Amino acid sequence: TTTYVINCLTVYMGRLWAGTISDDNPATAFGKIYWMRLSGDTGWTLDHTTTVGQGEITGLKEYRGLLYAATAGSTGAAGLVLVRSLAGVWSTSDTGTAVSASQWYYSLEVVRDALHTSYRDETGMTCTFRKYDGSAWSTTATPTADGGGQFEGGYKMFAFNDTLYAINHFYSPGVAVGD
């Protein structure tokens, strides 16, 4: 619809995948994941629709042959990391803490054979960095404000040359993300 926009893209299984977010009220919004073959498709195919209030798509990433999606939670619902099986079935891989009106997994990146994400709680202005090694999720860092600066806790991550970089919306120097 006109109120949903593509927020993230990735390539997986020879297809271009797109995740959407909404400019509607987050309490009534949901996300959708579409794909298009890179050779010849002229339109998008809907692959998955998330639950209302728990699923605007904030990141997509392939890891160990499966597709993962980071989602936003609202109205007290936790954000999720979803995983798509090879059979096309989506399930929950990790669940954040539902503590406020808005919290979400921000992005996904692969570094040193691990899937990384950051989880933001808007009300508490906190962030938790999480890492998945293929069998279990663990917390690698929980940065805090620097004492005088603002700290929003929303990190976008980028991987380059076996290093994970995290960018905060507000100034918070010296944050180590664990890898």
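All values reported here derive from a predicted model rather than from experimental measurement.

## Thoughts on the environment of Phe30
- Considering the arrangement of structural elements, one finds Phe30 in the loop between β2 (15-22) and β3 (32-37).
- Residue Phe30 is classed as partly exposed on the basis of its relative accessible area, which comes to 22%.
- Remark: the alpha-carbon pair of Phe30 and Gly73, spanning 43 residues in sequence, is separated by 9.4 Å.
- With residues up to four places along the chain from it excluded, the contact list for Phe30 reads Tyr4, Thr49, Thr50, Thr51, Val52, Gly55 and Glu56.

## Quick notes on the pairing of strand β7 (residues 80-84)
- Of all five residues making up β7, five are buried, and the element is well covered by its neighbours.
- Residues Leu80, Leu82 and Arg84 of β7 are buried on one face, and the alternating residues Val81 and Val83, pointing to the opposite face, are buried as well.
- Of the strand pairs in this sheet, strand β6 (residues 66-74) and β7 are connected by four bridges, and their pairing is antiparallel. Bridging from a neighbouring strand, Tyr68 pairs with Val83 of β7.
- Counting the residues between successive antiparallel strands, the hairpin from β6 to β7 contains five residues, one of them, Thr75, with a positive phi of roughly 50°.
- Across five bridges, the pairing between β7 and strand β8 (residues 90-95) is antiparallel. Residue pairing across strands places Leu80 opposite Thr95, the latter belonging to β8.

## What to know about unusual backbone geometry
- Not every positive phi belongs to a glycine, and Arg112 is a case in point at roughly 50°.
- Mapping Arg112 onto the fold places it in the loop between β9 (102-111) and β10 (114-121).
- Backbone geometry places Asp162, a non-glycine residue, at a positive phi of 65°.

Calculation rules
Residues numbered from 1 in each chain as written. Predicted model: local features only at pLDDT ≥ 70, side-chain atom pairs only at ≥ 80, totals over all residues. Heavy atoms only, no water. Helix = DSSP H or I, 4+ residues; strand = E, 2+ residues; numbered from the N terminus. Buried < 20%, exposed > 50% of the residue type's maximum accessible area, 1.4 Å probe, protein only. Contact = heavy atoms within 4.5 Å. Pairing = 2+ DSSP bridges.

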